Structures are given as C-alpha cells and as structure tokens.
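# Observations on the three-dimensional arrangement
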Amino acid sequence: MPASRVRFVRFALFASVYFVEGAVLTYFSAFNVLYLRSFDLSFSLIGLVGGITLLPFVLKILIGLLSDRVNLFGQGHRKPYILIGLILQTLAFALVPQFNPSLQFGGYLTMMILAALGMSTYDTTTDGLSIDTTPESDRGLVQGLMVGGRALSAVITAALMGMFSESGQWSLIFYTIAALGVLTLILAFAVEEKKERSPEMKFSKAAFGTFKDKAFLLFLAIGVIYPLALYSAQGMVGAYLNEGLKISLGMVGLYTSVFGIGTALGGLLGGPLMRRVGERSSLLTALLLTSAVTFVLALTNSAVLMWGIVFLFGIAFGYYETVYFALGMAFSDPRIAAFMFSVIMAVGNLGIAGGQPLAGSLVDSLGFQPMFMIFAAIHLLALPLVVAVFRLRKGA
C-alpha cells in the first residue's frame, strides 16, 4: 500500500474511533438514565449501573501497559487490541435491545460492562498506535481529528438519540452505535501495523525512568490545572444559561450544539496552527485564550451575545485539548507509549473530579459569574509551568 494511502487510512481510523467513542459517551452521559427510567428502574439502581460501568475505564492504565508489553498473537501491539475492543463494544450494543432491563437486569448490565471494557481497550490502544506511527509534524493534526471527531459526534448523535428516544425507538440508538462500530472495524482491519517493533520501541523497564523527568512532572501538573478549570466551567455553562439568563432548556440544547461545533472547529484548527507557530506558542495561546473567554463568559448577560461567546468557548476548548494531547504524545516514551498516555489522561481526570465539586461550591456561595472569574484565574496558574516545561525541555 502506498505511503500516502497508509497515512490516510490511519488518520481515518483515528477520527472514526473518536467519532464512535463520542456516540458511546453521549449515550452513557445523557441517555442511559432516560432509557432505564423508561422501564421504571429506581435512580439508586441506575446509579449502580453508572458506577459499575465506570470500572473498566479504571483498567485503561493496565490495558495500556499490557499493549506496550505483549505482542498479541504475534499480530502486533495495537491492532489486535483495537479489533477486540471494537468487536466487544459492537456486539454489546447490538445485543442490548434483547434484554429488558426491568426483567433481565443482569443481561443489560453485562452488555454495558462489555461495551465499556471494549471502549477502554480500543481507546487506549488507538492512542498508543497514534503515538507509535505519527511523526512530530502530524501530532497536532491527529489530535485535532480525534478531538474534532468526538465533538462532532456528540452534536450529531445527541440530536439523533433525542429523536429516537422521543419516539420510543430506543433500539435504534443501540443499532446506530453498533453500525458506527462496524464502520470503524473495517478501517481497523485495513490499517497497517508492524508485527515486530524496532529496538527503540520495545518494552523496557528503564522507560519508567521518564516519570522522574522534571519537565514531564510539570506537564502533568498542567494536566491537572487545565481540565479542572476548563471542564468545571464548561459543565456550568448550561445551568448559567438556564438559571442565570433565564434561557429555556430547549434553547440551552441549541447553545450546547453550538459549543460542540466550536469544539470540533477548535480541534481541527489546532493541528495546522500548532505546526505553524510551534508547541510552546500553541500551548500559551490555548491557555490565554481559554482564560480570556472564560472571563468574558462571566461578563456576558445577553442571550444574543452568548451565542458567540459559547461558540468561542467551544473553539478554545477544542484547541486546548488538541494542543495538550499532542504534547502528551511527544512526552510519551515509545517503549511504554500507551501506558504513559493513559497516565496523562488519568491525571486529567483527577483535575476534572476535583473541579466539579469546587464549581458547585463556588456557585452556591458566590454565584455563576464569580465562579467563571475564578476559573479564568486558575487557568493562569499554569502559565509559569508552561514556561518552565519548555525551558527544561530545551535544556535537556
């Protein structure tokens, strides 16, 4: 296969994986509760489902380490895992409609666990494949395709799921996700991966010494600060629109779609901009832009102006994610690439977990606008860390 075609298929796989992932996350985050409530399941039981289906995501670090270390069936360190993960998830969603949650709760829960395990597997190993095969000049583009694909999927699939659920055609939601999985499987079968790794990419315990690198540790600190401020502010935008600006829930949904479009655009623009201005300038721009837009959110009281601000916030969100994860690819040692990148993601999740209760407390005690201002300021705490990271990398 010509090199240009190999590159195209690989990039198509990365975008497709994150597109189907966006559909799965949309279902889990917004529609799983609604689906189970349609069978009159208690919120306690629904909460149990949510908690149990999160467990496979805790295994992502171990899946990454396994992928780095084990050449599965002699077919490669990434592709076999991606295929297994996609098959698991696709079969699970295709079979879900066969189980009535109120009568066959165990069957439904099993399908959800398998879907989550499948997603954890293909997500982690796709990240590993992207690090293994993407040259430095294409990292921003690859992360842009991933971030943009997931955001675009959320916009499209949320609308479809809303229509299907409103008409009571829940099975179409599951079959749509399964169909997206089949399309991604085709690309996964077509993508090429070397069955044997070069010496510099072979697993080695010595690679864990990277975790002592000061620049990497500071990079992880940025990875706590930025999602803490970014996701916490983003999570409160809908509530601010509804309760602060008295915008109807139906219209809030449209604002959310505009945010998603902005996120997709920010992701797609992030790669080319990163290639043009460089890593350091890109990260500084992402930080300052996100801080500024978050601050402007606090000052905007107009529902009309908020359309533009929400769109800009989406662009900043997608751009920041793209730049940070592209740098995460650069920091990941190729000998343990999937493991290191999963650690970077896990650290970001710690920031999100810490930021959500902080956001709630700030709104309760101070209100929405001071909360946005505080998160805008928190973004700036990462500024000296960014400068230090690149100073250390330059001196390495």
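To start, this report covers the structure provided alongside it. All values derive from a computational prediction rather than experimental measurement.

Further remarks concern a nonpolar patch on the surface. Together, I87, L91 and L95 make up an exposed nonpolar region whose accessible area comes to about 250 Å². Relative to the helices and strands, L95 is located in helix α4 (residues 79-95). Note on L95: relative accessible area 41%, which makes it partly exposed.

As a further point, take the packing of aromatic side chains. One pass over the structure, following the stated rule, counts 27 aromatic pairs. Ring centres 5.2 Å apart and planes at 55° place the aromatic pair Y35 and W170 in the tilted group. Of this pair, Y35 sits in helix α1 (residues 3-37) while W170 is found in helix α7 (residues 170-190), placing the two residues 135 residues apart along the sequence. The residues Y35 and W170 share a single accessibility class, namely buried.

Further remarks concern the nonpolar core. Residues M306, F372 and F375 are the most contacted members of the largest nonpolar core, which totals 66 residues. Elements with a contribution of two residues or more to this core: α8 (214-244), α9 (249-277), α10 (279-299), α11 (303-331), α12 (337-365), α13 (368-380) and α14 (383-395). Looking at this core element by element, the count peaks at 15 residues for α8. With residues near it in sequence (within four places) discarded, F372 still touches A233, M236, V237, Y240, T294, L297 and A298. Counting 46 residues, the second-largest nonpolar core is a separate cluster that includes V49, M112, L129 and M161.

Before going further, it helps to spend a moment on the packing of α11 against α12. Relative placement of two packed helices is described by the angle separating their axes and the distance separating the axes. Contact pair α11 / α12: the axes reach a minimum separation of 9 Å and the direction vectors enclose 145°. Of the two possible hands of crossing, α11 and α12 adopt the one that is right-handed. Where α11 abuts α12, its residues Y324, F325, G328, M329 and F331 lie against M340, F341, I344 and M345. Residues of the contact of α11 with α12, tallied by class, amount to 8 nonpolar, 1 polar and no charged.

Conventions we followed
Residues numbered from 1 in each chain as written. Predicted model: local features only at pLDDT ≥ 70, side-chain atom pairs only at ≥ 80, totals over all residues. Heavy atoms only, no water. Patch = residues over 30% accessible without salt bridge, like charges linked within 9 Å, V, L, I, M, F, W, Y side chains within 5 Å. Areas by Shrake-Rupley, 256 points an atom, 1.4 Å probe, with all protein chains shown as cover. Salt bridge = Lys/Arg side-chain N within 4 Å of Asp/Glu carboxyl O. Helix = DSSP H or I, 4+ residues; strand = E, 2+ residues; numbered from the N terminus. Buried < 20%, exposed > 50% of the residue type's maximum accessible area, 1.4 Å probe, protein only. Phe/Tyr/Trp six-rings, centres within 6.5 Å; stacked < 30°, edge-to-face > 60°. Core = buried A, V, L, I, M, F, W, Y, C linked by side-chain atoms within 4.5 Å. Contact = heavy atoms within 4.5 Å. Axes fitted to C-alpha atoms, helices over the stretch in contact; angles between N-to-C directions. Left-handed = near helix turned anticlockwise from the far one by under 90°. Nonpolar A, V, L, I, M, F, W, Y, C, P; charged D, E, K, R; others polar.

By themselves, these figures tell us nothing about what the structure is for.
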